[in-house]
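Here's the letter readout for the chains.
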Amino acid sequence: MESRHVDAFNHDNLATDYDEDVADENNPIRAGYSKLLDWVILSADIDNQKEILELGSGSGNLTKRIQQCKRILCVDISTEMEVLSVPKTTHLQRREFKKSDILNLFEEDIGSFDAAVSTYTIHHLLEAEKNQLFRNIRRVLNDGGVAVFGDLMFENESAKNDIIRHYKNSEYKDVADDIEAEFFWDIENSIKKLESLGFDTKVQRFSELSFGIAAKKAEEK
């Protein structure tokens, strides 16, 4: 199952300026970026015995924050972004990269993992595709494993509409356009789905648009 808009969100054409772009945290889309990535790594509780799955590894800004792990599988559709990632991640001896859509990935046997992490990627998926991804992640996570997401989100549909109206009347009209063109998370819906799958969840806010969700898979009794 390939995500519907995978081709539209292949960031090969953005790779050259990507790291400079995300460093501008004055932009509402990028506000909280660095602290959110730090939180994702801390919440994933990674050590040298953990096997990690990273969905949407991009230019390596999250991966490089991992000090050590047993193995990490990094997945992204963009080979140009992977070129940027390689020199940032040479300290991880068992790092593998796979060029794939993050939904198609699970059609293969990729093994099991202690943690799955993802930042600023899953807002490219439709709501039904997010739900399918949660099911896929649950299937490959070991008992007691954790999925940690950092992304562009709203508390609910009402909050989304309020923020769109706000930005349409501000100097950042392009932010409203981005919101309407992409599929920012609805936190209420996502938490309900994750908890229905047996995850214990917590939410952390980093800016008006950026949130983190940590979801721990319950251990089988």
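Per chain, the residues get numbers from 1 upward, laid out in the order the sequence is written. Per-residue local features of the predicted model are confined to residues with pLDDT of at least 70, and side-chain atom pairs are confined, for both listing and counting, to 80 or more; whole-chain, interface and lining totals are unaffected and use all residues. Hydrogens and waters are ignored; side-chain quantities use all the structure's heavy atoms.

**Regarding the overall build of the protein**
In this description a helix means any DSSP run of H or I spanning at least four residues, a strand means any run of E spanning at least two, and both kinds are numbered starting from the N terminus. When helices and strands are tallied, the protein shows 7 helices and 8 strands. Put simply, the radius of gyration uses C-alpha atoms, and a globule should come to 2.2 Å times the residue count raised to 0.38. Relative to the globule expectation of 17 Å for 221 residues, the C-alpha radius of gyration of the protein, 17 Å, shows essentially globular dimensions. Here the protein holds 221 residues, and the buried ones make up 52% of them. Nonlocal contacts in the protein, meaning residues at least 24 apart in sequence, comprise 70% of its contacts between residues at least 6 apart. Methods summary: accessible areas were calculated by the Shrake-Rupley approach with a probe of 1.4 Å, and residue burial reflects only the protein chains presented. Counting only carbon and sulfur atoms, one obtains 43% of the accessible surface of the protein, whose full area is about 10,600 Å². This count recognises Lys and Arg as positive and Asp and Glu as negative, with His and chain-terminal groups excluded. In plain terms, the charge of a residue is placed at NZ if it is Lys, CZ if Arg, CG if Asp and CD if Glu. Across the protein, the mean location of the 28 positive side-chain charges is 5 Å away from that of the 43 negative side-chain charges. Each residue gets one of three labels from its accessible area relative to the maximum for its type: buried under 20%, exposed over 50%, partly exposed in between, using a 1.4 Å probe on protein chains only. Contact criterion: two residues are considered in contact whenever any of their non-hydrogen atoms come within 4.5 Å of each other.

**Concerning the packing of helix α4 (residues 127–140) against helix α7 (residues 187–196)**
Packing of α4 against α7 brings their axes to within 10 Å, and their N-to-C directions diverge by 30 degrees. Classified by the interaxial angle, the pair formed by α4 and α7 is roughly parallel. For the element pair α4 and α7, the recorded crossing hand is right-handed. From α4, E127, N131, F134 and R135 reach across to α7, where they touch N189, S190, K193 and L194. We call Asp, Glu, Lys and Arg charged. Ala, Val, Leu, Ile, Met, Phe, Trp, Tyr, Cys and Pro are nonpolar, and the rest, Gly among them, are polar. When grouped by side-chain class, the residues that make up the contact of α4 with α7 number 2 nonpolar, 3 polar and 3 charged. Between N-to-C directions, angles span 0 to 180 degrees; the directions come from axes that are lines fitted to C-alpha atoms, helices contributing only their stretch in contact. Roughly parallel here means an angle under 35 degrees, roughly antiparallel means over 145, roughly perpendicular means 65 to 115, and every remaining angle is called oblique. The handedness criterion is simple: a crossing whose near helix is rotated anticlockwise from the far helix by less than a right angle is left-handed, and one whose near helix is rotated clockwise is right-handed.

**Quick look at the layout of surface pockets**
Taken as a whole, the largest pocket holds about 440 Å³ of empty space. Lining the largest pocket are 21 residues, and of these L14, D21, I29, R30 and E182 lie nearest its centre. Elements that contribute at least two residues to the lining of the largest pocket include exactly α1 (15–22) and α6 (173–181). Residue classes in the lining of the largest pocket are distributed as 9 nonpolar, 6 polar and 6 charged. Think of a 1 Å grid over the protein atoms and nothing else: a 1.4 Å probe that fits but is trapped marks a cavity, an open set flanked by protein within 12 Å on at least five of seven lines marks a pocket, and residues with an atom within 4 Å of a point count as lining. Grid points are joined across faces, edges and corners, and a volume is the space filled by probe spheres set on the points.

**Comments concerning the environment of E80**
As for its position among the elements, E80 is in helix α3 (residues 79–85). Taking the C-alpha atoms as reference points, E80 and K35, separated by 45 residues in sequence, lie 25 Å from one another. If we skip the residues at most four places from it in the chain, E80 touches D12 and A15.

**Description of the nonpolar core**
The criterion is simple. A nonpolar core is a set of buried Ala, Val, Leu, Ile, Met, Phe, Trp, Tyr and Cys residues joined through side-chain atoms within 4.5 Å. Formed by 37 residues in total, the largest nonpolar core has its most connected members in V148, I179 and L209. Broken down by secondary-structure element, the contributors of at least two residues to this core are α1, α2 (33–44), β2 (71–76), β4 (113–119), β5 (141–154), α5 (157–168) and α6. For this core, the leading source of residues is α2, giving 7 residues. Residues in contact with I179, not counting those within four places in the same chain, are F154, K160, I163, I164, F184 and L209. Judged by nonpolar contacts, the second largest core, of 30 residues, contains L73, V75, L194 and I213.

**Observations regarding the pattern of salt bridges**
Salt bridge criterion: a side-chain nitrogen from Lys or Arg within 4 Å of a carboxyl oxygen from Asp or Glu. According to the stated counting rule, one finds 12 salt bridges in the structure shown. Note that K70 is salt-bridged to E51, the shortest N-O span being 3.9 Å. Separated by 19 residues along the polypeptide, K70 in the loop between β1 (51–55) and β2 and E51 in strand β1 bring together distant segments of the chain. Look at the salt bridges and you will find they share partners, linking E51, K70, R71 and E96 into a network.

**Let's talk about the pairing of β1**
Within β1, 5 of the 5 residues are buried, which leaves the element mostly enclosed by the surrounding structure. As paired elements, β1 and β2 share 5 bridges and run parallel to each other. Across the sheet, E51 pairs through a bridge with R71, a residue of β2. In terms of strand pairing, β1 meets β4 through 3 bridges, oriented parallel. Within β4, the residue paired with E54 across the bridge is V117. By this definition, two strands are paired if DSSP reports at least two bridges between them.

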